[in-house]
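Results of the structural survey
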Amino acid sequence: MAGSTTMTIRLRPDVKEKLDRIAADTQRSKSFLAGEAVAAYVERELEIIEGIKRGMADAEAERVIPHEQAVAEMRKVIEDAKRRKTPRG
């Protein structure tokens, strides 16, 4: 089993009540659920931050395309998808 550490957090009363309900309904401890929620949040935020850093590095290295070109490419992809989805009769 992986190690763990203890942390104290403050919750709004409404959030604590909801956590209580989830714990009761899932037969999990509030501590377990809070730990899972924090872990998911941390992973998601780190992915976002890393994506931003990659984008900033791409911009600094001039690995970018003009906005108008990006929009035109997206519109073409959307139109192609619509054409494939529309039944031909």
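Residues numbered from 1 in each chain as written. Predicted model: local features only at pLDDT ≥ 70, side-chain atom pairs only at ≥ 80, totals over all residues. Heavy atoms only, no water.

Some remarks on the overall build of the chain
Scanning the chain from terminus to terminus reveals three helices and zero strands. Helices (α) and strands (β) of the chain occur, in sequence order from the N terminus, as α-α-α. Expressed as a percentage of its 89 residues, the buried residues of the chain come to 4%. Of the roughly 8,600 Å² that the chain leaves accessible, carbon and sulfur atoms contribute 58%. (Helix = DSSP H or I, 4+ residues; strand = E, 2+ residues; numbered from the N terminus. Buried < 20%, exposed > 50% of the residue type's maximum accessible area, 1.4 Å probe, protein only. Areas by Shrake-Rupley, 256 points an atom, 1.4 Å probe, with all protein chains shown as cover.)

Quick notes on unusual backbone geometry
Note: most residues except glycine have negative phi, and most peptide bonds are trans. Of note, the phi angle at Q27 is positive, near 55°, even though the residue is not glycine. The topology assignment puts Q27 in the loop between α1 (13-26) and α2 (30-60). The exposure class of Q27 is exposed, given its relative accessible area of 74%. For E62, which is not glycine, the phi dihedral falls at a positive 60°. Checked against the element boundaries, E62 lands in the loop between α2 and α3 (67-85). When its relative accessible area of 68% is taken as the criterion, E62 is described as exposed.

Some points on the packing of aromatic side chains
Scanning the model with the defined rule gives zero aromatic pairs in all. Above the ring of F32, the side-chain terminus of R28 is found at 4.4 Å from the ring centroid. (Phe/Tyr/Trp six-rings, centres within 6.5 Å; stacked < 30°, edge-to-face > 60°. Lys NZ or Arg CZ within 6 Å of the ring centre and 35° of its normal.)

Things to note about the environment of I65
Mapped onto the fold, I65 is located in the loop between α2 and α3. Judged by its relative accessible area of 44%, I65 is partly exposed. It is 47 Å that separates the C-alpha atoms of I65 and K16, two residues lying 49 residues apart in sequence. The contact partners of I65, leaving out residues within four places of it in the chain, are A70 and E73. (Contact = heavy atoms within 4.5 Å.)

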